[in-house]
Amino acid sequence: MQDSTTVKPHIMERQAYLQKEVAEISAIYRRCFPDHTLQLVVEEGDDPARTDPVVLDAGQAVQALHLSSQYLGRIDLPGPHPNAPVIRAVLRIPRAPTKGEIANAEAPWRAPRVLRPLFRVAPGAYEYIRYTAERFRAGRIRRHNWKKQPFGKGSPILVPSVQPDAAARPAILIGFHWLEVGGAEKMAFDTVNWALAAGLRVFVVASVPSIQRLADRLPDHPDVTFIRLDRYLPPRLWPLYLERLAIEENIRLIHIHHCSHLYASLAHLRVSVPWIRVLDSTHIVEYVDGGYPRMSGVWSNYIDLHHVISGELVDFYRDRFHVPHKVKLGRMLTRHDGEVALPALNMTVGAKVLRVAFIGRYYYQKRPIVMARTLGALARWARRNGVELRATLVGEGPFRREVEQLVRSYGLGDAVEFLSASADVPGLLRKSDILLLPSNNEGLALVCYEAIEQGCIPISTDVGSQREIVPPGLLVPHDPGAAVRRSVAIVNRLWRDGTFLAEQGAAMQACYRRLAADPTAEEVLMPIYRAAATGAPALDDIL
């Protein structure tokens, strides 16, 4: 046997990683198939996120098409008796991500080949073409399914005999979209902490395969478990696994945060483990297909409560799915004792320096190209008016390289600072006059709350629920060219007109205080979590 002291550290690290993943695979498949003999073929994948697990039907043999040159070996898990049916699977352990992959989820963006020459000479024209295409797709939204899945209330004389393991403390299953940067994900992380504080054990799953960069932000606590179904279990088998999890771990509550595989599992779970209560949280209606609020509404008959973050979504569930009695508004704010003390505006009339911020992921949803064009237009305005423009841009993503190139082409290399997503956002906003948010779509952007709390003025496109937090005088059109022009016009008027500046400051603070008077997400969800931790009767009383 090789002396461990002679093994290179990176080899030992890889072996430890493989052993950890083998243990995860074994636990998932043993729970999913307790009555089977398992033969699990393991390979090392060539992707840091996607693994494409393959589970063969009972009696089906492994074929050459299932294998690759990265074959590692086989895990054998015996069944409960010698004649137990055999299940075979081919599973790939993802390779470790590179530093570049950890920093960026996707490769740098490039315009489609046919439009690349246009983008190089006229990025505004490219943005308008994409905007027009988005508007066309939005016009076809009704082609998607908007009909609620039917489901009845059941009969007390037909109740499954199976019951959860009462020896296990009550638990909650929280479904993430993924464990990456995003507003919905921030809420999901909050709910993990709230559920833990309420006394529940917490199991976490994610539906989208990814590096899950923020997994280390889950509480380091023995009552929190992240189960890697996203890596190792095909979506069609999630319902069977979750049924066993619910029974063995006394799952009392499911909370869905944009987790499509959990929605798809609800039919099986409702008939196999009917004691479970279900709630979900939604954030943004997508133009193309309605997004997760549409999916949520379609499954509404299987869901006990829809938690939403905006008034727009309250109206959406009422008008589209006619379930106002199931909807509760809970803002993504922290409750403060007494009235919120908001600071004076950072911007002053006629100032010689204009400080602009952009905070967001460099994805099309945030329209970073429109933001860069707005900076270029503001730079021209600043030169005409003897103002020094300073901009700080926070975030990561595939569009960042193109934004950097545009900034240089506008001669703003020395005026613009790029910071990573880990930057001190409140500190930056405290020193900024204007926040640019020219998004293609938003739910209700958290960064607008943060900006107002720090005296920074948000200028946002009039999309989603933004008008709930941004007053009309600070909203700009969705059209990308019009958004750029209107943003500059608003800045110009704020800079010249003290009355307008004061009016907009008062209006945005009034928007904030109006939202701050609404229930918070924590106030809506914590009573439910506490009831789940107490036991089934208490949960029945509250849902």
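Further up the page is the structure itself.
Predicted model, so just to flag it, every value in this text is computed and none were measured.

Here's the deal with the overall build of the protein chain
(1) Moving on: Within the protein chain, the regular secondary structure consists of 18 helices and 17 strands.
(2) Moving on: A compact globule built from 543 residues would reach a C-alpha radius of gyration of about 24 Å, and the protein chain, at 26 Å, matches this within 12%.
(3) Moving on: Counting the 543 residues in the protein chain, one finds 54% classified as buried.
(4) Moving on: The long-range share in the protein chain, meaning contacts at least 24 apart out of those at least 6 apart in sequence, stands at 76%.
(5) Moving on: Summing over all exposed atoms, the protein chain offers an accessible surface of approximately 24400 Å²; the carbon and sulfur share of this is 54%.
(6) Moving on: One finds the centroid of the 66 positive side-chain charges in the protein chain at a distance of 6 Å from the centroid of its 57 negative side-chain charges.

Details of the side chain of Asn385
(1) Moving on: Within the fold, Asn385 resides in the loop between helix 11 (368–384) and strand 13 (388–394).
(2) Moving on: Residue classification places Asn385 among the buried positions, given a relative accessible area of 16%.
(3) Moving on: Excluding residues that lie within four positions of it along the chain, Asn385 makes contacts with Trp495 and Arg496.

Overview of the pairing of strand 10 (residues 305–308)
(1) Moving on: What you see with strand 10 is no split at all: Leu305 and His307 on one side and His306 and Val308 on the other are buried throughout.
(2) Moving on: In the sheet, strand 9 (residues 277–282) pairs with strand 10 via four bridges, with the strands oriented parallel. Bridge pairing in strand 10 places Asp280 opposite His306.
(3) Moving on: Of the crossover connections in this fold, the one passing from strand 9 over helix 9 (residues 291–298) to the parallel strand 10 is right-handed.
(4) Moving on: Pairing of strand 10 with strand 11 (residues 327–329), which is carried by three bridges, proceeds in the parallel orientation. Looking across to strand 11, one finds that Val308 is bridged to Leu329.
(5) Moving on: Handedness of the strand 10-helix 10 (residues 311–321)-strand 11 crossover: right-handed.

Focus: the pattern of salt bridges
(1) Moving on: Overall, the coordinates contain 28 salt bridges when judged by the stated rule.
(2) Moving on: The partner of Glu523 in a salt bridge is Arg335, and the shortest N-O contact between them spans 2.8 Å. With Glu523 in helix 17 (residues 521–534) and Arg335 in the loop between strand 11 and strand 12 (353–359), the pair connects residues that are 188 residues apart, well separated along the chain.
(3) Moving on: Given the relative accessible area of 35%, Glu523 is considered partly exposed.
(4) Moving on: Residue Arg467 is joined to Asp462 by a salt bridge in which the shortest nitrogen-to-oxygen separation is 2.5 Å.
(5) Moving on: Since its relative accessible area comes to 48%, Arg467 is described here as partly exposed.
(6) Moving on: With relative accessibility at 33%, the residue Asp462 sits in the partly exposed group.

Here is what the cut-offs are and how they apply
Residues numbered from 1 in each chain as written. Predicted model: local features only at pLDDT ≥ 70, side-chain atom pairs only at ≥ 80, totals over all residues. Heavy atoms only, no water. Helix = DSSP H or I, 4+ residues; strand = E, 2+ residues; numbered from the N terminus. Rg over C-alpha atoms; globule rule 2.2 N^0.38 Å. Buried < 20%, exposed > 50% of the residue type's maximum accessible area, 1.4 Å probe, protein only. Contact = heavy atoms within 4.5 Å. Areas by Shrake-Rupley, 256 points an atom, 1.4 Å probe, with all protein chains shown as cover. Lys, Arg positive; Asp, Glu negative; His and termini not counted. Charge placed at Lys NZ, Arg CZ, Asp CG, Glu CD. Pairing = 2+ DSSP bridges. Right-handed = clockwise from strand over helix to strand, strands pointing away. Salt bridge = Lys/Arg side-chain N within 4 Å of Asp/Glu carboxyl O.

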